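# Structural features, examined
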Amino acid sequence: PACSPDGTQIAFLRDRRELRLLTIESKQERVLATGMFADAIDAPEPVWGPGGTWIAAFMIGAKSFTNVHLIPVAEGGGPPRPISGLANVYANSIAWTPDGTTVLFDTRQRTEQGQLARVDLTLRTPKFREDLFRDLFTQNPQTPRTPNSPPPANSPPPAATAPPLATPRLAATSDPVFDEIRRRLSFLPLGLDVQRVAVSPDGKVALITATSAGQTNLYTYSLDELAAERPVPRQLTSTAGGKSDAQFSPDGREVFFLEGGRIQIATVESRAVRPVNVTAEFTTDFAVEKMDVFRQAWTLMRDNFYDPKFHGVDWEASRETYGPWVE
């Protein structure tokens, strides 16, 4: 499940074939879209846009390529709209920028490094540091005068109207521009085997889980177009353990992640890492649990195997054959 930005609705996948929306107060649910939303092993959750009017989700096409689609939340809003058309195999995570104008996601082939793709949902006007320099010479407003009062002595002549600055990026409530949107996909030059991505609360930094030299670590990458230096990946962690579920703190100064089953916190500026001490216990009946795992795995294959004839195997009979062995 994924809660809407205002906390009134929950989006979720049912059997990876339906994207549904549940209104919490009324407990009513409806189908937003149908299709193949995730593969049989990994099931990425749908991701709400900042304005709460669109949901981004991975959908698998006829040739088994996984691409990002946007689904309108409003009733009668229409079918899912693809915003990428990559001939890939795997994709794990989607992240919106806070202004709702950009979507980032990871994408990969079987034997190639994962890449970080960026899709501009609106017609983006590049920003330049020269614009900041020009703003320094924008005339400040004059002190208001009454209509009949004379101008102050030695007052300069009224300045000509300054030319408009670059068009600002649209707010999160603006709808994506789908016309030729596939032309607005680009890859960030990271040089890493990208696995997952998250975006800082201010939208200026991407948090990337990636592998390099056989180790998985966290990296930050500037998305700020007005940054003084050319962006390069900045390594945040440097340990050999696997990293997962990385996310920013609300103020963007720290990063929470899992490593070796333990919660860790990394400070973005100093890159210092400290653990969060958590202790928990649980009791399980392995004899019972292993049968649930068997049934779950058997059902997963039954519902998702690409060949409906199972390459000639009687899948129903296989449950009766192997079930007693597992037990």
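Quick note: structure is the one above.
Residues numbered from 1 in each chain as written. Predicted model: local features only at pLDDT ≥ 70, side-chain atom pairs only at ≥ 80, totals over all residues. Heavy atoms only, no water.

## Regarding helix H2 (residues 286–304)
- Over its 19 residues, H2 runs 27 Å from end to end, which matches the ideal 27 Å to within 8%, given 1.5 Å per residue.
- Looking at H2, one finds that the buried residues are Met291, Phe294, Trp298 and Asn304.
- On its buried side, H2 packs onto helix H3 (315–326). (Helix = DSSP H or I, 4+ residues; strand = E, 2+ residues; numbered from the N terminus. Expected span 1.5 Å × (residues − 1). Buried < 20%, exposed > 50% of the residue type's maximum accessible area, 1.4 Å probe, protein only. Contact = heavy atoms within 4.5 Å.)

## Considerations on H3
- In this model H3 runs 16 Å from its N-terminal to its C-terminal C-alpha over twelve residues, within 8% of the 16 Å that 1.5 Å per residue would give.
- For H3, the full list of buried residues reads Trp315, Ser318 and Gly323. Summarising the axial view, the buried residues of H3 lie within an arc of 125 degrees, below the 170-degree limit, and thus occupy one face. Exposed residues pointing more than 90 degrees away from the buried face of H3 are listed as Glu320 and Pro324.
- Tucked into the core, H3 has its buried residues touching H2.
- Between the side-chain oxygen at the start of H3 and the backbone nitrogen of Glu316 there is a gap of 3.3 Å, and the oxygen is on Asp314. (Arc of directions from axis to C-beta. Polar contact = N/O pair within 3.5 Å; in protein donor to acceptor, adjacent residues only side chain to side chain.)

## Comments concerning the pairing of strand S17 (residues 243–248)
- As paired strands, S17 and strand S18 (residues 254–259) are joined by four bridges and run antiparallel to one another. Looking at the pairing, Phe248 lines up with Val255 of S18.
- Remark: five residues form the turn of the hairpin made by S17 and S18, two consecutive strands paired antiparallel; Gly252 in that turn has positive phi of roughly 75 degrees. (Pairing = 2+ DSSP bridges.)

## A short note on the sheet that holds strand S13 (residues 193–199)
- Reading across from one edge, S13-S14-S15-S16 is the order of the four strands in this open sheet, with antiparallel pairing throughout. With partners counted over all chains shown, the strands left at the sheet margins are S13 and strand S16 (234–235), one partner each.

## Considering the nonpolar core
- Leu70, Ile83, Ile94, Trp96, Phe105 and Leu121 are the most contacted members of the largest nonpolar core, which totals 19 residues.
- For this core, the secondary structure elements donating two or more residues are strand S6 (54–60), strand S7 (66–72), strand S9 (94–96), strand S10 (102–107) and strand S11 (115–120).
- Of the residues forming this core, the biggest block, three residues, is contributed by S6.
- In this structure, Ile94 is in contact with Val47, Ala56, Ala57, Phe58, Val68, Val103, Leu104 and Phe105, ignoring residues within four places of it in sequence.
- Formed by 15 residues, the second largest nonpolar core is a distinct cluster that contains Leu188, Val194, Val197 and Tyr219. (Core = buried A, V, L, I, M, F, W, Y, C linked by side-chain atoms within 4.5 Å.)

## Here we look at a nonpolar patch on the surface
- Residues Phe133, Leu136 and Phe137 make up a contiguous nonpolar surface patch of about 420 Å² in total accessible area.
- Within the secondary structure, Phe133 is located in helix H1 (residues 129–135).
- Classification of Phe133 by relative accessible area gives exposed; the value is 54%. (Patch = residues over 30% accessible without salt bridge, like charges linked within 9 Å, V, L, I, M, F, W, Y side chains within 5 Å. Areas by Shrake-Rupley, 256 points an atom, 1.4 Å probe, with all protein chains shown as cover. Salt bridge = Lys/Arg side-chain N within 4 Å of Asp/Glu carboxyl O.)

## Description of the pairing of strand S3 (residues 18–23)
- Taken together, the six bridges between strand S2 (residues 9–14) and S3 define a ladder with antiparallel strand orientation. The residue of S3 that forms the bridge with Ala11 is Leu21.
- Hairpin connection from S2 to S3: three residues lie between these consecutive antiparallel strands, with Asp15 at a positive phi of about 55 degrees.
- The turn joining S3 and strand S4 (residues 28–34), which pair antiparallel and follow one another in sequence, is formed by four residues; a positive phi near 60 degrees is taken by Lys27.

## Comments concerning the sheet that holds S18
- The sheet built from four strands is open, its strands ordered S17-S18-S19-S20 with antiparallel pairing. The strands lining the two open edges of the sheet, one partner per strand, are S17 and strand S20 (273–275). Taken pair by pair, the neighbouring strands of this sheet meet at an average axis angle of 25 degrees, ignoring direction.
- Judged from the three bridges that link them, strand S19 (residues 262–267) and S20 form a sheet pairing that is antiparallel. (Axes fitted to C-alpha atoms, helices over the stretch in contact; angles between N-to-C directions.)

## Focus: the environment of Phe12
- Positionally, Phe12 belongs in strand S2.
- Looking at Phe12, the relative accessible area reads 17%, which means it is buried.
- Here the alpha-carbon distance between Phe12 and Glu45, two residues 33 residues apart in the chain, equals 7.2 Å.
- Filtering out sequence-adjacent residues up to four positions away, Phe12 remains in contact with Pro1, Glu18, Leu19, Arg20, Leu22, Glu29 and Pro46.

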